[in-house]
Amino acid sequence: MASRNDTSSPIPIVDFGKFLHGSEQEKENVVKEIDDAFRNVGFVYLKNHGVAKEMVEECFEWSKKFFALPLESKMLAPHPPGGSHHRGYSAPGVEKVSQHKYDADEISKLREIPDLKESYESGNPTDQTQPNIWLPESKLPGFRTFLESYFAVCAALVHRILDALSAALQVPEPGLSPTHEKSLFQLRLLHYPAEDDAEPLRAHKRSRITAHSDFGSLTLLFQDSVGGLEVEDPNAPGQFRPAPPIQDAVLVNIGDLMARWSNDRWRSTVHRVGLPPDVPATEKPFSGPGLGVNTEGQRMPKVAEAEKIVPDRYSIPFFAVPDMDTVIDALPGCWDEESNPKKYEPVTAWGYVQMRMAALYDS
Ligand SMILES: O=C(O)CCC(=O)C(=O)O
Ligand SMILES: [Fe+2]
C-alpha cells in the first residue's frame, strides 16, 4: 500500500514495438501487459510506439511558438463559447475541468478555482461537425500543415492500440478499430505558464489542472521534461502518485467512456497536474537595489523580478472517442449473465460526449 511519501510510479512501461512488429507470442505478451495495466491502473507507458521522436519534438516547438504569440493573435482563433464546438484557443481560466459529476452545485464549486492553463484544440481536418479553427496562415506559417500531419500520425497509433485491446477481449475481426473509423479525435496543445509562487501548488490549494478523468475512449499524452502529472493510486483513493515523463514513451490512458464500454474491466483513473518535482521553496523578490536581506537576516543577491519559480510546462494530449453513432454497450469478454452482468444502460457515444462537454464550459 502506498504512503504519501511513495514517489514511485505504479504505471508499467510496455514495448509496443513488439506488438507492431513482433512474433505472435510477443504480440500476445504485449496484449496481456496492456490489458493488465488498464485493469490495474488505467495507464500504461508505451515505448517504440511508431510516432517519430522528431515529430513529437517538432510538435512541442510549434506549441511553444503558438503560445508565445501575443494574446490578440491567439484570439484570432478563439474557442467558441459553450462546449459543443471544442476547437481553437482558450485563454487561461476559460476551461474548467469538471470531475465526472453532473450535479450543478458540484460543477459550480469546481469552477471557483480556474486552472491557470491555456490550450489550443484541433481535430480531424475532415470533421464537418466541429470544423477546425485556425489562425490566419500569416500569423504562424506552417502551423496548420504540421498539426494536420501530426493528427494523422497520432490517429494511426490510436487505431493500433485499439487492435491490441480487441485482441485482449477477443473481439472478432476487424475488432474495435472500425468503431473509431471517422477518427473524430482531438489534438490539444496545452501550456501551463510559469508561476512565481510555488506555495499554492505545494499546499494543494490549486492545481495546474484539477483532478479529473478523461471522458473518451483512450488518451495519448506526450509531456515535456518538467513533470508534475500525478495519477490517483488505485489502491489508495485520494492519494496521488507521479506519472513522470519517460524518454521516448507515450503515456496512454483509459477514459470514462471506455471504462463503461468495458463494464469497468478497465479503469478510467483520476489524474491532475501539480507542482513539478524539485521546485525549491519560493524566495520572494527583494525590493530596492543591490543586495537584499532574507528572512534569516542573511544578505543575498536580489532575485530578478522576472524570475519564475515554477517553470512553464507544455503537454500534448490526444483524445480519442468512437464514432458518434456507436452504441456503447458492454463489450464481449467484459460481462456474462451469471457472475458479471452488464452494469450500464447502452448509450450512444454522441449522447455521452454531449453530457460531458456541457459540464466543461459556461454556456
Ligand atoms: O498536462 C498533462 O500532463 C495532462 C493533461 C490532461 O490530463 C488533460 O488535458 O486531460
Ligand atoms: Fe486528462
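Residues numbered from 1 in each chain as written. Chains lettered and ligands numbered in written order. Predicted model: local features only at pLDDT ≥ 70, side-chain atom pairs only at ≥ 80, totals over all residues. Heavy atoms only, no water.

As named in an unreviewed UniProt entry, the protein chain is Clavaminate synthase-like protein, taken from Trematosphaeria pertusa. Under the UniProt heading Sequence similarities (unreviewed entry), the entry covering the protein chain gives this text: "Belongs to the iron/ascorbate-dependent oxidoreductase family." (UniProt positions renumbered as here; feature names shortened; annotations may be inferred.)

Draft legend 1. Here's a closer look at the coordination of the iron ion (ligand 2). Within the first shell, the iron ion (ligand 2) binds the protein through His212 (NE2), Asp214 (OD) and His271 (NE2), at distances of 2.1 to 2.2 Å. Look at where the donors of the iron ion (ligand 2) fall in the sequence and you get H-x1-D-x56-H. Within this pair, whereas His212 is found in strand S6 (residues 209–212), its partner His271 is found in strand S11 (residues 271–273), the two being separated by 59 residues in sequence. The class for His212 is buried, based on a relative accessible area of 8%. A relative accessible area of 7% means that His271 is categorised as buried. (Donors = N, O, S within 2.8 Å, 3.2 Å for Na, K, Ca; no water. Helix = DSSP H or I, 4+ residues; strand = E, 2+ residues; numbered from the N terminus. Buried < 20%, exposed > 50% of the residue type's maximum accessible area, 1.4 Å probe, protein only.)

Draft legend 2. Quick look at the nonpolar core. In terms of nonpolar packing, the biggest core is built from 72 residues, with Tyr120, Tyr150 and Leu218 touching the most fellow members. Here this core takes 15 residues from helix H6 (residues 143–169), the largest share from any one element. When near neighbours in sequence (up to four residues on either side) are disregarded, Tyr150 contacts Val51, Met55, Val56, Cys59, Leu187, Phe222 and Ile316. Grouped together as the second largest cluster of nonpolar side chains are 13 residues, Ile11, Tyr45, Tyr192 and Leu221 included. (Core = buried A, V, L, I, M, F, W, Y, C linked by side-chain atoms within 4.5 Å. Contact = heavy atoms within 4.5 Å.)

Draft legend 3. Summary view of the environment of Leu189. The residue Leu189 is located in strand S5 (residues 186–192) in this model. Here Leu189 falls in the buried class, since its relative accessible area comes to 0%.

Draft legend 4. Representation of the pairing of strand S14 (residues 313–320) within the structure. The buried count for S14 comes to eight of eight residues, which makes it a mostly enclosed element. Residues of S14 alternate between two faces, with Arg313, Ser315, Pro317 and Phe319 on one and Tyr314, Ile316, Phe318 and Ala320 on the opposite face, all of them buried. In the sheet, S5 pairs with S14 via five bridges, with the strands oriented antiparallel. Within the sheet, the bridge partner assigned to Tyr192 lies in S14 and is Arg313. Relative to S14, strand S7 (residues 218–223) runs antiparallel, the two being bridged by six bridges. (Pairing = 2+ DSSP bridges.)

Draft legend 5. Quick look at the pattern of salt bridges. Going through the model one piece at a time under the given rule, you end up with 17 salt bridges. Residue Arg272 pairs with Glu230 through a salt bridge whose shortest N-O separation is 2.7 Å. With Arg272 in strand S11 and Glu230 in strand S8 (residues 229–232), this residue pair connects regions lying 42 residues apart in the sequence. The residues Arg272 and Glu230 share a single accessibility class, namely buried. (Salt bridge = Lys/Arg side-chain N within 4 Å of Asp/Glu carboxyl O.)

Draft legend 6. Quick look at the sheet that holds S8. Taken in spatial order, the four strands line up as S6-S11-S8-S9 in an open sheet, and their pairing is antiparallel. The open sheet has two free edges, formed respectively by S6 and strand S9 (240–242), since each of these has just one partner strand. Geometrically, the sheet is characterised by an average inter-axis angle of 25° between neighbouring strands, direction not taken into account. As defined by bridge partners, S8 adjoins S11 across three bridges and the pair is classed as antiparallel. Residue Leu229 lies in a different strand from S11, and its bridge partner there is Val273. (Axes fitted to C-alpha atoms, helices over the stretch in contact; angles between N-to-C directions.)

Draft legend 7. How the structure looks around the environment of Ala152. Looking at the secondary structure, you find Ala152 in helix H6. On a C-alpha basis, the gap between Ala152 and Lys308 in space is 36 Å, while along the polypeptide they are 156 residues apart.

Draft legend 8. Broad picture of the site of ligand 1. Looking at ligand 1, there are 14 residues lining it, with Arg188, Tyr192, His212, Arg313 and Ser315 nearest. Side-chain polar atom of His271 to an oxygen atom of ligand 1: 3.1 Å apart, as the coordinates give it. Within the side chain of Arg313, a nitrogen or oxygen atom sits 2.8 Å from an oxygen atom of ligand 1. Listed by contribution, the elements that provide at least two residues to the shell around ligand 1 are S5, S6, S11 and S14. Among the elements that make up the shell around ligand 1, the one with the highest residue count is S14 (four residues). For the shell around ligand 1, a count of residues per class yields eight nonpolar, three polar and three charged. (Near = heavy atom within 4 Å. Polar contact = N/O pair within 3.5 Å; in protein donor to acceptor, adjacent residues only side chain to side chain. Nonpolar A, V, L, I, M, F, W, Y, C, P; charged D, E, K, R; others polar.)

Draft legend 9. Representation of unusual backbone geometry within the structure. Glu173 connects to Pro174 through a cis peptide bond whose omega is 5°. Note that Pro174 resides in the loop between H6 and S5. Unusually for a residue other than glycine, Gln170 sits at a positive phi of about 55°. Residue placement: Gln170 occurs in the loop between H6 and S5. Gln170 sits in the exposed class, given a relative accessible area of 68%.

Draft legend 10. Geometry of the packing of helix H2 (residues 24–40) against H6. Running from N to C, H2 and H6 point in directions that differ by 90°, and their axes come no closer than 9 Å. Here H2 is positioned roughly perpendicular relative to H6, judged by the angle of their axes. Facing Val31, Ile34, Asp35 and Phe38 of H2, the residues of H6 in contact are Ala164, Leu165, Ala167 and Ala168. (Parallel < 35°, antiparallel > 145°, perpendicular 65-115°, else oblique.)

Draft legend 11. View of the domain arrangement of the protein chain. If you check the domain split of the protein chain, you get domain 1 (3–276 + 312–358) and domain 2 (277–310). At the interface, 15 residues of domain 1 touch eleven residues of domain 2. Together, the buried faces of domain 1 and domain 2 total about 900 Å²; carbon and sulfur atoms form 54% of this surface. Our count for the contact surface shared by domain 1 and domain 2 stands at zero salt bridges. Summed over the shared surface of domain 1 and domain 2, the number is three residue pairs in polar contact (both at pLDDT 80 or more). Considering only residue class, the side of domain 1 that touches domain 2 consists of six nonpolar, two polar and seven charged. (Domains from an automatic or database assignment. Buried area = accessible area lost by both parts, 1.4 Å probe.)

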